[in-house]
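Letter by letter, the chains look like this.
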Amino acid sequence: MCGIVAVTARREVSEILLEGLRRLEYRGYDSSGMALIDNEKRLLLHKQLGKVAELEKAQAMSPHYGCVGIAHTRWATHGKPSAANAHPHTSSDRIALVHNGIIENHASLRKQLAEQGYVFYSQTDTEVIVHLLHSKLEQGLSLSDALRETVAQLEGAYALAAVDKESPDEVVAARAGSPLVVGVGIGENFLASDQLALRQVTDRFIFLEEGDLVRMTAMTLEIWDQSGNVVERPRRDVAEAVESVDLGQFEHYMLKEIYEQPKALADTFKIADETELSDERFGAEAAAVFDQVKSVQIVACGTSFHAGLVARYWLEELAGIPCEVEVASEFRYRKRAPQPGTLLVTVSQSGETADSLAALRGQKDGEFIASLVIANVDHSSLVRESDLVFLTRAGAEVGVASTKAFTTQLVAFLMLTLLLGRRHGMSEQDQDKITDALHALPSHVEQTLALDASIKKLSEHFIQKQHALFLGRGIQYPIAMEGALKLKEISYIHAEAYPAGELKHGPLALVDADMPVVAVAPGDELLEKLKSNLEEVRSRGGELYVFADKKAGFVDEPLLHVLQMPSCPEMLKPVIYTVALQLLAYHVAVQKGTDVDKPRNLAKSVTVE
Ligand code: AGP
């Protein structure tokens, strides 16, 4: 989604804003802009269609300098991507404002403001906010009071920041439903949608709460809560080293992140010298909560939802715990009837996904015994609002296509399976099997990465295709879904996944020479059934690409291309087959020439409904 950066300092800040935008570009990237107030109290604006690089060019051609500024990278919701719809939006050449979120009552506000004589230059919902703010300033209110009155009239979700050339030292900001963090500097203050944007200038952060309003100058910082009381929010010093956003030897972040998986998986499983898997990894209260868990409800979106689907097999088969999994955008609007003793588990790389957050916030009193989030971003909204937290240690994931975040979520779920399984009669032997498998996982992933060149070769068959089918059975069905999602989101090839047994109930009609069929075929107990399903494809002229364990016994034949996967413990197969499918999608996309790390129309962090 959109990304916000704001600075008020005693030094020139245009480069801080641009660097912040570069670091936020993963959130959205159809256009960008920045507004600065210069020493002569002029409001200076650049807005460009396209990536942040376009804004950099505009700044290089016609530099704007100032000590106070706001900047934005946009992911269009209302109004097509264009320079006019890019933020900041301005009112009367006096105020500039940036916004992340959606204002639901924008149409009625627009009508009222137009009647008052305000002229609209964009199709965005955001432009109503800046004119509304201006109308409040016209009543003689201070900038922060005007913002308070403005947000009181807004319905929907927002994180926003504004500057006014009549108050040239200040930035004001507010949040409700979209993330915003204050970066505390020495003699300067910052704001951003994600602390990652500010790590080059500070490691001290204040994570704003819902309804907070902020006024900051270079030397002062005031925060009010939603009732208008002055509040002190805790400051957190982020100790970890600044995450490298360098590509290093890699051509794309996605590839770098695929290759980072052995380390990310090891880091997620094992911290320092810890050898014993303990409840505390999920929080101080985890042991007491886990003792009461009788069933699990998992809620997530996209790739994180697929991790939940895999987890259901583990929780039910290995731990004997009933488990339901649902996409958050459906779950949140449904009347539910969970069993007593159900643990609500949200899964989210970013910890900010609007639907997952709404699902957590929407739980009824007593509906669940507690909430647990599995997230990759510390201090994110889901992390702050859940009872229990498991932080995956994937490191920053920049590529829009989630890779290492997904596989580390699977590690988290295997650990949860073991901890809950212990309480539901899982044998010591089975517990040891899980622990041993987790220890061995990084090396199995290394072996899978060694197949990169062969997978690249296979990928050449897909470049000219418009569609692809992915098949799996059992626990590999969600892996087929994840493989199809990866392929469609970065290569724009239409890809769908089916449980292989469903083929003859409809999708078989699609199979012909132009429909590659990818099958995930570890040599498990469903292998013979899967083989029959694959024969159904071949006998109709369909070309098969089978990712298979050696013991599955597949060999290359006409219309059958086999990629032999390394052998590994059964429970690790979902992880290693995922890695292979990530590489397949990556190489297809690269050869098609798409923007692998920033696929069209998508954003990394989906903070609107
Ligand atoms: C995956 O490649 C996607 N980009 C997307 O499906 C993502 O997993 C989804 O938007 C959920 O995000 P989250 O994990 O940050 O909640």
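Owing to the predicted nature of the structure, the values given are computational and were not obtained by experimental measurement.

Let us look at a negative patch on the surface. Taken together, the side chains of Glu316, Glu317, Glu324 and Glu525 define an acidic patch exposed on the protein surface. As for its placement among the helices and strands, glutamate 525 is situated in the loop between strand 22 (517-521) and helix 17 (527-538). Judged by relative accessible area, which is 71%, glutamate 525 ranks as exposed.

The next subject is the pairing of strand 12 (residues 213-216). By the bridge criterion, 4 bridges tie strand 8 (residues 171-176) to strand 12 in an arrangement that is antiparallel. Within strand 12, the residue paired with valine 171 across the bridge is methionine 216. Bridge analysis of strand 12 against strand 13 (residues 221-224) gives 4 bridges, and the strand direction is antiparallel. Looking across to strand 13, one finds that arginine 215 is bridged to glutamate 222. The turn linking strand 12 back onto strand 13 is made up of 4 residues.

A separate point is the sheet that holds strand 22. An order of 21-20-22-23-24 is seen for the 5 strands of this open sheet, with the pairing classed as parallel. One side of each edge strand has no neighbouring strand; the edge strands of this open sheet are strand 21 (494-499) and strand 24 (560-565). With direction set aside, neighbouring strand axes in the sheet form an average angle of 20°. When strand 23 (residues 544-549) meets strand 24, the two strands line up parallel, connected through 6 bridges. In the sheet register, alanine 548 faces strand 24, and the bridge partner there is glutamine 564. Lying over the sheet, helix 16 (residues 476-491) contacts strand 20 (467-472), strand 21 and strand 22, oriented at roughly 175° with respect to strand 21.

Read across the sheet, 6 strands follow the order 5-6-7-8-12-13 without closing on themselves; strand pairing throughout is antiparallel. Only two strands of the sheet have a single neighbouring strand rather than two, namely strand 5 (89-91) and strand 13. Averaged over neighbouring strand pairs, the angle between their axes works out to 20° when direction is ignored. Note that strand 7 (residues 156-164) and strand 8 share 4 bridges and pair antiparallel.

Let's shift gears to the UniProt feature "domain: SIS" (unreviewed entry) in the chain. Here the UniProt feature "domain: SIS" (unreviewed entry) sits at residues 286-426 and 458-599. Across residues 286-426, the secondary structure splits into 42% helix and 20% strand, with the terminal C-alpha atoms separated by 18 Å.

Let's shift gears to the site of the ligand. Taken together, 15 residues surround the ligand, and among them Ser304, Ser348, Ser350, Thr353 and Glu489 come closest. Within the side chain of serine 350, a nitrogen or oxygen atom sits 2.7 Å from an oxygen atom of the ligand. Contact distances for the ligand include 3.0 Å between an oxygen atom and a side-chain N or O atom of lysine 486. Protein coverage of the free-state accessible area of the ligand, which is 410 Å², stands at 91%. Those elements that place two or more of their residues in the shell around the ligand are helix 9 (302-317) and helix 16. Here the shell around the ligand is composed, by residue class, of 5 nonpolar, 8 polar and 2 charged.

Consecutive side chains along a regular strand alternate between the two faces of the sheet. Counted residue by residue, strand 2 (residues 31-37) has 7 buried out of 7 residues, so it is predominantly covered. Here strand 2 shows no split at all, with Ser31, Gly33, Ala35 and Ile37 on one side and Ser32, Met34 and Leu36 on the other all buried. Both strand 2 and strand 3 (residues 43-49) contribute to a ladder of 7 bridges, which runs antiparallel. By the bridge assignment, isoleucine 37 is partnered in strand 3 with leucine 43. Here strand 2 folds back onto strand 3, and the loop between the two strands holds 5 residues, one of which, lysine 41, carries a positive phi near 60°. As judged from the 7 bridges shared by strand 2 and strand 4 (residues 68-74), these two strands associate in the antiparallel manner. Directly across from serine 31, in strand 4, lies its bridge partner arginine 74.

Definitions and cut-offs
Residues numbered from 1 in each chain as written. Predicted model: local features only at pLDDT ≥ 70, side-chain atom pairs only at ≥ 80, totals over all residues. Heavy atoms only, no water. Patch = residues over 30% accessible without salt bridge, like charges linked within 9 Å, V, L, I, M, F, W, Y side chains within 5 Å. Areas by Shrake-Rupley, 256 points an atom, 1.4 Å probe, with all protein chains shown as cover. Salt bridge = Lys/Arg side-chain N within 4 Å of Asp/Glu carboxyl O. Lys, Arg positive; Asp, Glu negative; His and termini not counted. Charge placed at Lys NZ, Arg CZ, Asp CG, Glu CD. Helix = DSSP H or I, 4+ residues; strand = E, 2+ residues; numbered from the N terminus. Buried < 20%, exposed > 50% of the residue type's maximum accessible area, 1.4 Å probe, protein only. Pairing = 2+ DSSP bridges. Axes fitted to C-alpha atoms, helices over the stretch in contact; angles between N-to-C directions. Contact = heavy atoms within 4.5 Å. UniProt positions renumbered as here; feature names shortened; annotations may be inferred. Near = heavy atom within 4 Å. Polar contact = N/O pair within 3.5 Å; in protein donor to acceptor, adjacent residues only side chain to side chain. Nonpolar A, V, L, I, M, F, W, Y, C, P; charged D, E, K, R; others polar.

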